[in-house]
Amino acid sequence: MKENTRLQLEEPQDYFSGLGATTLPTPRNVLMFVRRTKNTLQQEALQNRSHHRFVLAYNLGTAGHIHVDNLALPFDPGQALLILPYQFHHFSLLAATQLEWVFCTFELEPRTFLEPLRNRVITIGEATQRAYEALLQKWHQSHAETVQAALLQLLLELKLDRLQTGNDLPPEPEDNLLRSINGLMAEWRGRTVVVADLAQAMEFSESRLRVLFKEAAGIPLGSYIQNYRINRAMALLRTSALSIADVAEEAGFGSPQAFSRIFKKETGHTPRAYRSLPNLSGQRN
C-alpha cells in the first residue's frame, strides 16, 4: 500500500473511552406507504387520529402545504417533513390531483432525539437521498433489523440536513384558509366552535366558507372541526393529567357527556379507556 493512501490513525489516550457513549435509539414498528392522489391523501387525513407515532413525509412529486398544529408549511418535491407524536396535521393547496408522497411511520424513544426536526421542512441532500433509497430497498426485502438500521441512518442524515438550514420557519401565506381556521380554533380553545362562528370571524357567509374549505382541504368543514376536536382530546388524554371534564372543555365539547358519547363513536373507546391503553400501535396514519 502506498504511503499516501495508508490510514493515519493516532494511538488512543484512553482504551476504554471512545465515540458513541450515548446509545442511538432504534425505530420500531416501521410502516411505509405512498399516497398518489389528492383525494386519497385528503380523505385519509379525515380518518387521521392523533397518536404516539412519528410520521415522516417525503415529497417525490407535487407541491402542497402540510398543516402541523397551527402552522401552514409549504412542501415541495425534494423535501421531507417529520411530524412528531400528537401533532395534528392535514394537507391542502396541492398543485395537482396526482402526486407521489411517501410516508414512513414509526415509534422511537427517546422522542427528544428528533426534537430538532420539529416543524421544519427540510430540503433533501445527496446523502439523505441515498439513505432514503437504501431504506426503500430494505423495506422491499422485508427484513426488520435492516429496515430499522436504514431508517435510523435516514433520520441521522435529515438531522445533518437540518443543520444546513436556517433557524427561521418558512414564511406562511397570508391567505391560507386552513391556517386561519386552525388559528381561530386554537385561539378559541375551551369554546364549542361551529361553522357560523368561523364564517363570521372570517367575513364569509357559511355557504361560501364551506365551499372554499372543501376546495382547499378536500373534506367538509364540519367534519374537519370534529376531527380537530377529537385530535386535541386524544393528545390531552395521552400527554396531560387533566380530568376528563377538563379535557372535554379544553377540546371544545359542550359537556363531558357529549364528549364521551362523540369520542367513543369516533374512536371506539371511552375517554377513560383510551387514556389507559398501553400503546396505540393500531392507530392509522
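Calculation rules
Residues numbered from 1 in each chain as written. Predicted model: local features only at pLDDT ≥ 70, side-chain atom pairs only at ≥ 80, totals over all residues. Heavy atoms only, no water. Axes fitted to C-alpha atoms, helices over the stretch in contact; angles between N-to-C directions. Helix = DSSP H or I, 4+ residues; strand = E, 2+ residues; numbered from the N terminus. Parallel < 35°, antiparallel > 145°, perpendicular 65-115°, else oblique. Left-handed = near helix turned anticlockwise from the far one by under 90°. Contact = heavy atoms within 4.5 Å. Nonpolar A, V, L, I, M, F, W, Y, C, P; charged D, E, K, R; others polar. Expected span 1.5 Å × (residues − 1). Buried < 20%, exposed > 50% of the residue type's maximum accessible area, 1.4 Å probe, protein only. Arc of directions from axis to C-beta. Core = buried A, V, L, I, M, F, W, Y, C linked by side-chain atoms within 4.5 Å.

(A) Structural context of the packing of helix α4 (residues 177-187) against helix α5 (residues 195-202). With their axes 11 Å apart at the nearest point, α4 and α5 run at an angle of 115° to one another. The orientation of α4 relative to α5 falls into the category roughly perpendicular. In this structure, α4 meets α5 at a crossing whose hand is right-handed. Seen from α4, the contacting residues are Leu177, Ser180, Ile181 and Leu184; seen from α5, they are Leu198, Ala201 and Met202. For the contact of α4 with α5, a count of residues per class yields 6 nonpolar, 1 polar and no charged.

(B) How the structure looks around helix α9 (residues 256-267). Between its first and last C-alpha atoms α9 spans 16 Å; for 12 residues at 1.5 Å apiece the expected length is 16 Å, and the two agree. Those residues of α9 lying buried are Ala258, Phe259, Phe263 and Thr267. Taken end-on, α9 shows its buried residues confined to a sector of 130°, consistent with a single buried face. Across α9 from its buried face, at more than 90 degrees, point the exposed residues Gln257, Arg261 and Lys265. Looking at the packing, one finds that the buried side of α9 touches α7 (221-239), α8 (244-250) and α10 (271-276). Positive phi appears at glycine 268, one or two residues downstream of α9, with a value of about 85°.

(C) Summary view of the nonpolar core. Ranked by size, the top nonpolar core spans 27 residues in total, and within it Phe106, Leu114 and Leu158 carry the most contacts. For this core, the elements supplying multiple residues, two or more each, are β1 (28-37), β2 (54-61), β5 (79-83), β7 (98-107), α2 (126-141) and α3 (144-163). Per-element tally for this core: the top contributor is α3, with 7 residues. With residues near it in sequence (within four places) discarded, leucine 158 still touches Leu56, Ala80, Leu117, Ile122, Ile124 and Thr128. With 23 residues, the next largest nonpolar core counts Leu184, Met202, Leu221 and Ile225 among its residues.

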